[in-house]
Each structure stands twice: as C-alpha cells, then as structure tokens.
Amino acid sequence: MKKAIGIVFVFFLLVFFSCAPVYVPNTRNAALFRGAGEFQSSIHFGEGIDAQAAVSITNHIGLMGNYNYVNRNTSDQNDEDKYVKHKFWEAAAGYYENTGKICYEIFGGYGRGEGSSYGNYLWFSPDDVLAKGTYGRFFVQPSIGSNNNIFNWIVSTRISYVDFEKFTYGTQVATYNNPVLFFEPAFTGRINFGQSPIYSQFQTGFSLTTQGDTVFDYQPFQLSFGLGLRLGGKPKATVQQP
C-alpha cells in the first residue's frame, strides 16, 4: 500500500511541476489484438485526457484512432508556469501477430495537433511569452507484449516525425523551424478483471531527440492511468498461460 501511495504521489508531482510544452506526446495505443473482429476503447488521465479506439478487421490487420486534450489553467493565462493548451488527433493502420504467449504489432499513421504555452523564447528578455503552434506528425510504432489472462506487459517504441507548420512566440513568427525526429519509448502494464471485458492499465513513456535546435518546448516524460473495454476477438479461454 505504501508503495502504491508513493507512485501516485510521484505522479502528481510530475504533473504539477511539469514544464509548459507546446508539443505534448499522447499515450501510446498498443492494442495487441487476439484475432479478427475485436474492438478496444480506452480513456487515460495524465498530463491531459487521452481517448483511444482500435479495431481488428482481419486476423492480422487493424485500425486505430486516438485523441489527446490538455486544458490546464486556461482561466488565468497570466499564471505562466501552469498554462498549457493542447489538442491532437491521429489515425493509423497496422499489422499484428498473436502467437499465444506473445503478441507483436507495428502501426503507422498520421495526426495533427495544436498547442500553446508560456516559455522564455526571447534571449534578451527575462519574461516568458505565449507560444502557439500547429503541427503534423507521422509515426511508426512497433509494440510487443505478453498475452496472459490477468497481467500483461507491453513495450512500445514509437518514432515520431513532428513538423510545426506554424509557430509564433509573442509577436514573433519562427522562421527557422525544421521538422524534429523523436524516439518515444513506453512501457504499459495492463490488468484484466477475470472474464470482464473491462481492464485497467498504466503507462510511462519518454520523448527523446538528438536534435538540439527545436524551436518549441515539449513534454519529455509521460505517465498516465486509464480504463479500457475489450470486446470480440478470440475468447480468453483459448489464450495460453506462460
């Protein structure tokens, strides 16, 4: 119990003291389908709210759609340390394989987002200014995980190509703003509730880039908790135990 309380406490500290990014990476959607005709939907709470959905249309092909929304302290834009607004949607298609004990998949897709926050973008000024931007993002996301009846682990290694088409800070318009390649690994723990279609999960992830010339601020660490619903697909009774 003390360990669980400590994890929750660290989680809220990270959210409370997090930076004010314009780019907020969304929670990784790793469905790891069991078979054709399966539908999954989930909602996660972390930096903001993530809504996810996925469906397997054959025994190897799946589709997914995700939405991220952050609205922190919008009632007072002068509170510069906490103000963040961000929204993002994406769609993807991919291939998956279920071998019984282990599942793996690879998805690729495209999304669009926009964000705003305060940051120190003017080297000659001690004051933070409001930064706003809109961007498109291509991504490829391989995932692998276990296929047990109760607890499952999932490792995802998303690679994202983020291109801010428009970026302003204060009254200035960014003229040097190259696309940035991010490596965004994540670990997901998923807990099933017996034969219930409802499951819970947590996810921790990072966003890393070797490009030091990013004109925008981004969220380097993510942590979220959520609930999901899994319908259809292969019955649990046919899933092998390790």
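One numbering rule holds for all chains: residues counted from 1, following each sequence as written. Local features in this predicted model are restricted to residues of pLDDT 70 or higher, and side-chain atom pairs are both shown and tallied only at a pLDDT of 80 or more, whereas totals for entire chains, interfaces and linings draw on every residue. Remark: hydrogens and water are excluded; side-chain values derive from all non-hydrogen atoms of the structure.

## Side note on the overall build of the protein chain
As a reminder of what qualifies: Secondary structure elements follow DSSP: runs of H or I of four or more residues count as helices, runs of E of two or more count as strands, with numbering from the N terminus. Exposure categories follow from relative accessible area, calculated using a 1.4 Å probe and restricted to protein chains: below 20% of the type maximum is buried, above 50% is exposed, and the middle band is partly exposed. By definition in these notes, contact holds between two residues if any of their heavy atoms fall within 4.5 Å. Accessible areas in this description were obtained via Shrake-Rupley with a 1.4 Å probe; residue shielding takes into account the shown protein chains only.
Within the protein chain one finds one helix and 11 strands. Listed N to C, the secondary structure of the protein chain is α-β-β-β-β-β-β-β-β-β-β-β in terms of helices and strands. When the 242 residues of the protein chain are sorted by exposure, 47% land in the buried category. Excluding contacts between residues fewer than 6 apart, the proportion of contacts in the protein chain whose partners are at least 24 apart in sequence is 64%. Within the structure as shown, the protein chain displays about 11900 Å² of accessible surface, and the carbon and sulfur contribution to it stands at 65%.

## As for the pattern of salt bridges
This is how the line gets drawn: Here a salt bridge means any side-chain nitrogen of Lys or Arg lying within 4 Å of a carboxyl oxygen belonging to Asp or Glu.
A full pass over the atoms with the stated rule returns five salt bridges. A salt bridge links Glu38 to Arg230; the shortest N-O distance between them is 2.5 Å. On the criterion of sequence distance, the pair formed by Glu38 in the loop between helix H1 (2-16) and strand E1 (39-45) and Arg230 in strand E11 (residues 221-231) is long-range, its members being 192 residues apart. By the burial criterion, Glu38 is buried, and Arg230 matches it. Two residues, Arg112 and Glu165, come together in a salt bridge whose shortest N-O distance is 2.7 Å. Of this pair, Arg112 sits in strand E5 (residues 102-119) while Glu165 sits in strand E7 (residues 151-169), and the two are 53 residues apart along the sequence. In this structure Glu165 comes out as partly exposed when scored by relative accessible area, which is 47%.

## A few points about the side chain of Asn148
Cut-off, in case you're wondering: Pairs of N or O atoms are called polar contacts if they sit within 3.5 Å, as long as, within protein, a hydrogen donor faces a hydrogen acceptor (for residues adjacent in sequence, only side-chain-to-side-chain pairs).
Counting through the fold element by element, Asn148 comes out in the loop between strand E6 (129-146) and E7. On the basis of relative accessibility, which here comes to 14%, the residue Asn148 falls in the buried class. Here Phe151 takes part through its backbone oxygen, which lies 3.3 Å from a polar atom of the side chain of Asn148.

## Looking at the environment of Phe151
By secondary structure assignment, the location of Phe151 is in strand E7. Residue class for Phe151 comes out partly exposed when judged on its relative accessible area of 37%. Phe151 sits 38 residues away from Gly189 along the chain, and the two C-alpha atoms are 7.2 Å apart. Among residues more than four places away in sequence, those in contact with Phe151 are Ser146, Gly189, Arg190 and Ile191.

## Some points on the packing of aromatic side chains
To keep it simple, the criterion reads: Aromatic rings from Phe, Tyr and Trp, with only the six-membered ring used for Trp, were paired whenever their centres fell within 6.5 Å, and each pair was classed as stacked if the ring planes differed by under 30 degrees, edge-to-face if by over 60, and tilted otherwise. Two thresholds decide whether a charge sits over a ring: the Lys NZ or Arg CZ must be within 6 Å of the ring centre and within 35 degrees of the ring normal.
One pass over the full model with this rule turns up 15 aromatic pairs. An angle of 70 degrees between the planes, with centres 5.7 Å apart, marks the rings of Tyr83 and Tyr118 as edge-to-face. In this pair, Tyr83 is assigned in the loop between strand E3 (61-72) and strand E4 (84-98) and Tyr118 in strand E5, connecting sequence segments 35 residues apart. Here Tyr83 falls in the buried class, since its relative accessible area comes to 3%. Ring plane angle 50 degrees and centroid distance 4.6 Å describe the contact between Tyr110 and Phe138, whose orientation is recorded as tilted. Highlighted residues: Tyr110 in strand E5 and Phe138 in strand E6, separated in sequence by 28 residues. The structure contains a cluster of three or more aromatic residues connected by ring pairs, namely Tyr23, Phe88, Tyr135, Phe164, Phe167, Tyr169, Phe182, Phe216 and Tyr218. The positively charged end of Arg190 is found above the aromatic ring belonging to Tyr199, 4.5 Å away from the centroid.

## Notes on the nonpolar core
This is how the line gets drawn: In these notes, a set of buried Ala, Val, Leu, Ile, Met, Phe, Trp, Tyr and Cys residues joined through side-chain atoms within 4.5 Å is what counts as a nonpolar core.
Core analysis: the largest hydrophobic core is formed by 16 residues, its most contacted members being Phe164, Phe167 and Phe216. For this core, the elements supplying multiple residues, two or more each, are E6, E7 and strand E9 (180-192). Top element by residues in this core is E7. It accounts for four residues. In this structure Phe216 touches Val22, Tyr23, Tyr121, Val162, Phe164, Phe167, Asn177, Val180 and Phe182, once residues within four positions along its chain are discounted.

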